[in-house]
Amino acid sequence: MQTIILYIGRDTEITVVMNRLLNARPEWKGICVCLDEEAVAICKAQHIDLVLLGNGIDHEAEKALKVSLLELRPGLKIIQHYGGGSGLLYGEIMTALHQV
Amino acid sequence: MSQFILHKSNTRGHANHGWLNAHHSFSFANYYNPERMHFGVLRVLNDDLIDGGMGFGTHPHDNMEIITIPLSGAIAHKDSMGNSAVIKSGEIQVMSAGTGVSHSEFNALEAEKLSLLQIWLFPNKKNVTPRYDQMTLDVDARHNNFQQILSPSADDAGVWIHQDAWFSLGKFDAGFETEYQIKRSENGVYAFVISGEVTINGQTASARDGFGIWDTDHISFKANTDGAEVLLMDVPMELN
C-alpha cells in the first residue's frame, strides 16, 4: 500500500523536483502543490498520510494551513521539509511515519 | 555533567556511486539510521570523494545553511543567484538556501580527485533571502590553534551563517594540548577528526571519527600524532 504524501512549497522548481523524488519510490505517492488552497482542496478530496511543508511558507500561512488541514483530517502528520531535495527527504519521512 | 558520543569512522553511512564515494556521519539520502539523525542543529556531515570532472548537476535547496570545505582539489560552483566560482583547498564556501536556490557542484580538475566536507545546519530563521559567500583562509593560522572559520556574525572571523554556530579548524603537532571554550551554554561541540589521532576529554578519536560533547562549557584537547587536523563545530543543541 502506498503512503500518500502531500508537499506544499512556494518555489515552482523545487516543487517539480519534490514531485519527481516522491514519486520515484513505489511505496510513496507524492502530490506537490504551491498554493495552500490547492492543498486544502486535495486534503478534503482524498486520504493523505503525511504533509510536508516546504519553502517560502510564512509563519501566518503555516499556522492557518495547519488549522485547515487538521480540521479536515484530525491527527494528520504535518512536518517541515528542510533542504528542498533528496538529502533529508527519506529520513524525514521515515521518522514521521514511525513516530508513535 | 558533560555528555558525549563517539561516532567511529567505520560506523558512518557509506554510498559508492563510482564517481562519488560518500561517507555520511548522519542519515542522508538512502542512508537512514534513527540513532544518527543530527547533533543539535548539525544535520549533515558528508565526507565526499569525487572523481575528476564529475559532480552534482543543477539541483535545488531551501531552508538550510550549507557549508563546503574542500580538503584537497577544487570545486566549480554555479548557482541561480549568478555566482560562478572555484573553491580550492584552503577556502570555505557557505550558502544560505533560504527561500530556495539551485546550484551545481563539480570537481574543477579533470586529473585529480576532489575531497570535501559538506555540512548542513538547520537555520535559526526560515525563508531568508538566499545568499552565497566564500573566503580564503590563512592556513598557517591554524597551526597549533583553533582558527575560527565561521560564526553567526558578519563582523567576526570567517564566513557567517543564519545560526548561532562557530566552526574552527586546527592542525596540531604531536603532544600539543589546549582547551576550547564553548561559545554558548546552549551549545555543544561536534569534533570531526580530519586526519591523525587526538584525545578529547579523555576519549581517543582517529581520522574521520566524530566526537560530540555537550552539557559542558569547554573541552580539553590533545594531539596524539603530528599533523592531526580537527574541525570543531560549536552548535546549538536545541532545534529551533
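The rules behind each value
The numbering scheme is per chain: residues are counted from 1 as the chain's sequence reads. Following the order in which they are written, the chains are lettered starting with A and the ligands numbered starting with 1. For a predicted model such as this one, the threshold for reporting local features is a pLDDT of at least 70, and the threshold for listing and counting side-chain atom pairs is 80 or more; totals across whole chains, interfaces and linings nevertheless cover every residue. When DSSP finds two or more bridges between two strands, those strands count as paired. Helix and strand assignments follow DSSP, with helices taken as H or I runs no shorter than four residues and strands as E runs no shorter than two, numbered in order from the N terminus. Where a domain begins and ends is set by an automatic assignment or by a domain database. The contact rule is simple: place each C-beta atom from the backbone, and if two of them lie within 7 Å, those residues are in contact. Residues are sorted three ways: Asp, Glu, Lys and Arg are charged, Ala, Val, Leu, Ile, Met, Phe, Trp, Tyr, Cys and Pro are nonpolar, and all the rest, Gly among them, are polar. The convention used is that axes are lines fitted to C-alpha atoms, helices contributing only their stretch in contact, and that angles between N-to-C directions extend from 0 to 180 degrees. Each nonpolar core comprises buried Ala, Val, Leu, Ile, Met, Phe, Trp, Tyr and Cys residues, the members being joined through C-beta atoms within 7 Å. Any residue surrounded by 20 or more other C-beta atoms within 10 Å of its C-beta is treated as buried, while 12 or fewer makes it exposed and the intermediate range makes it partly exposed; C-beta atoms here are placed from the backbone.

**A few points about the sheet that holds strand 22 (residues 228-236) of chain B**
Residue and element names in this part refer to chain B.
Phase 1: Strands sit in the order 1-20-17-22-15-13-14 across an open sheet of seven strands; the sheet is mixed. What marks the edges here is a single partner per strand, and that holds for strand 1 (3-7) and strand 14 (159-160).
Phase 2: Looking at chain direction, strand 1 and strand 20 (residues 210-214) are connected through five bridges and run antiparallel. Counted as the bridge partner of F4 is I213 from strand 20.

**Things to note about the domain arrangement of chain B**
Residues and elements named next belong to chain B.
Phase 1: Domain annotation of chain B identifies domain 1 (13-136) and domain 2 (139-236).
Phase 2: In this assembly, 23 residues from domain 1 lie in contact with 21 residues from domain 2.
Phase 3: Residue classes in the side of domain 1 that touches domain 2 are distributed as 13 nonpolar, six polar and four charged.

**Quick look at the interface of chain B and chain A**
Phase 1: The partner chain A presents 19 residues to the 22 residues of chain B that form the contact.
Phase 2: Of all elements in the fold, only strand 4 (42-50) and strand 5 (55-61) of chain B reach the threshold of two or more residues within the side of chain B that touches chain A.
Phase 3: Ranked by the residues each element gives to the side of chain B that touches chain A, the list is headed by strand 5 of chain B, at three residues.
Phase 4: The residue makeup of the side of chain B that touches chain A, split by class, is eleven nonpolar, nine polar and two charged.

**Examining the sheet that holds strand 3 (residues 20-24) of chain B**
Residues and elements named next belong to chain B.
Phase 1: Pairing is antiparallel across the open sheet formed by seven strands, whose spatial order is 2-3-4-11-6-9-12. Looking at which strands have only one partner, the edges of the open sheet turn out to be strand 2 (13-16) and strand 12 (131-136). Between one strand and the next, the sheet's axes are offset by a mean angle of 15 degrees, whatever the strand orientation.
Phase 2: One ladder, built from five bridges, connects strand 3 with strand 4; its direction is antiparallel. By the bridge assignment, A22 is partnered in strand 4 with D48.

**What about the nonpolar core?**
Residue and element names in this part refer to chain B.
Phase 1: Counting 81 residues, the largest nonpolar core has L150 and A191 as the members making the most contacts within it.
Phase 2: When residues of this core are sorted by domain, at least three fall in each of domain 1 (13-136) and domain 2 (139-236).
Phase 3: Apart from residues no more than four positions distant in its own chain, L150 is found in contact with I67, I92, V94, G158, V159, W160, I161, A165, W166 and F167.

**Some details on the pairing of strand 13 (residues 147-151) of chain B**
Residues and elements named next belong to chain B.
Phase 1: Bridging between strand 13 and strand 15 (residues 166-172) involves three bridges; their strand directions are antiparallel. From the neighbouring strand, Q147 faces strand 15, where its bridge partner is L169.
Phase 2: As judged from the two bridges shared by strand 13 and strand 14, these two strands associate in the parallel manner. For S151, the partnering residue across the bridge sits in strand 14 and is W160.

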